Amino acid sequence: MTVTFEVDDGVGTVTLARPPMNALDSAVQDRLAEIAREASARPDVRALVLWGGEKVFAAGADIKEMQDMSYEDMALRSGPLQEAFTAVARIPKPVVAAVTGYALGGGCELALCADVRIAAEDAKLGQPEILLGLIPGAGGTQRLARLVGPSRAKDLIFTGRMVGAAEALAMGLVDKVVPAAEVYEAAHAWAARLARGPALALRAAKQAVDAGLETDLDSGLALERALFTGLFATADRETGMRSFVEQGPGKAQFR
């Protein structure tokens, strides 16, 4: 199987399993879309880790597969490609990418679909599609620019250069850098902490931030207001406020 999905105590781990470099061919893309839909629907999945294994996250698309594709072939494939990555980005639960080795091209684009990225000290990230006479096609031109700003995104996309973990951290492409042996553990700990949180509030927070970035400030504030107000109908809100009043902050046990 090209991608595996396991759930333990509320945390789902999505593991790319296409050695040696986890090239993201059509089968991997389709499987990611299936898992994203499953993870979104399952109530026992409260947070997720995207993981490529100890050696590499994903070195990019399957170039051998793409080399034989015509314009007509890619006109039909580009939609499902973007839809697979968008399905991951729209999982209504906290998602963290645990990046080891290379996250290049489609691999970097997949990491961009997570809410947070934790990288190994020796990780390399980039969008090298320009070196193939192409541009990123799975969201890289859009998600990267929104994350690190248009100038930094253009530099990476125009040159195709790779950046190390330290530079990626400085520009905001990753959020934390740890020794390679600790990447999955750090990512799982982040996910496990949020898996114990209020699921509906976390979903609302993710929706408010992500959707708000796509619209004007007034519309974003209106969305925030609607989501904020709606949470007053949840049991988790009652639990959180009761716990705060009776026990102080940070001690609520959410369902």
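Quantities reported herein were computed from a predicted structural model and do not represent experimental measurements.

Let us now look at the packing of aromatic side chains. Per the stated rule, a full pass over the model turns up two aromatic pairs. Seen in terms of ring centroids, W51 and Y184 are 5.1 Å apart; in terms of plane orientation they differ by 45°. Their pairing is tilted. Taken together, the residues W51 in strand 3 (residues 47-51) and Y184 in helix 8 (residues 183-195) connect sequence positions 133 residues apart. By relative accessible area, which is 13% here, W51 ends up buried. Take Y184: its relative accessible area is 25%, and that puts it in the partly exposed class. Taken together, a centroid distance of 5.5 Å and an interplanar angle of 75° make the contact between F228 and F232 edge-to-face. Given the relative accessible area of 40%, F232 is considered partly exposed.

To continue, consider the pattern of salt bridges. Evaluation of the coordinates by the stated rule reveals eleven salt bridges. When the shortest N-O distance is used, the salt bridge between D62 and R18 registers 3.0 Å. Of this pair, D62 sits in the loop between strand 3 and helix 2 (63-67) while R18 sits in the loop between strand 2 (11-16) and helix 1 (26-41), placing them 44 residues apart in sequence. Judged by relative accessible area, D62 falls into the buried class, the value being 13%. D44 is the salt-bridge partner of R42, the closest N and O atoms lying 2.7 Å from each other. With a relative accessible area of 36%, D44 lands in the partly exposed category. Salt bridges sharing partners connect three or more residues here, namely R18, D25 and D62.

On to unusual backbone geometry. Along the chain, P19 connects to P20 via a cis peptide bond; the corresponding omega equals 5°. With respect to the element layout, P20 can be found in the loop between strand 2 and helix 1. The phi dihedral of D9 falls on the positive side, at around 55°, and the residue is not glycine. Position of D9 among the secondary structure elements: in the loop between strand 1 (3-8) and strand 2.

For the rest of this paragraph, the subject is a negative patch on the surface. Residues E121, D122, E182 and E185 make up a contiguous surface patch of negative charge. Here E185 is to be found in helix 8. By relative accessible area, which is 57% here, E185 ends up exposed.

Spatially, the three strands line up as an open sheet ordered 5-7-8, and their pairing is mixed. Looking at the sheet topology across the chains shown, the edges are occupied by strand 5 (102-104) and strand 8 (162-164). Ignoring strand direction, the axes of neighbouring strands in this sheet form an average angle of 20°. Bridge analysis of strand 7 (residues 124-126) against strand 8 gives three bridges, and the strand direction is antiparallel. Paired with L125 across the bridge in strand 8 is V163.

Scoring rules and cut-offs
Residues numbered from 1 in each chain as written. Predicted model: local features only at pLDDT ≥ 70, side-chain atom pairs only at ≥ 80, totals over all residues. Heavy atoms only, no water. Phe/Tyr/Trp six-rings, centres within 6.5 Å; stacked < 30°, edge-to-face > 60°. Helix = DSSP H or I, 4+ residues; strand = E, 2+ residues; numbered from the N terminus. Buried < 20%, exposed > 50% of the residue type's maximum accessible area, 1.4 Å probe, protein only. Salt bridge = Lys/Arg side-chain N within 4 Å of Asp/Glu carboxyl O. Patch = residues over 30% accessible without salt bridge, like charges linked within 9 Å, V, L, I, M, F, W, Y side chains within 5 Å. Areas by Shrake-Rupley, 256 points an atom, 1.4 Å probe, with all protein chains shown as cover. Lys, Arg positive; Asp, Glu negative; His and termini not counted. Charge placed at Lys NZ, Arg CZ, Asp CG, Glu CD. Pairing = 2+ DSSP bridges. Axes fitted to C-alpha atoms, helices over the stretch in contact; angles between N-to-C directions.

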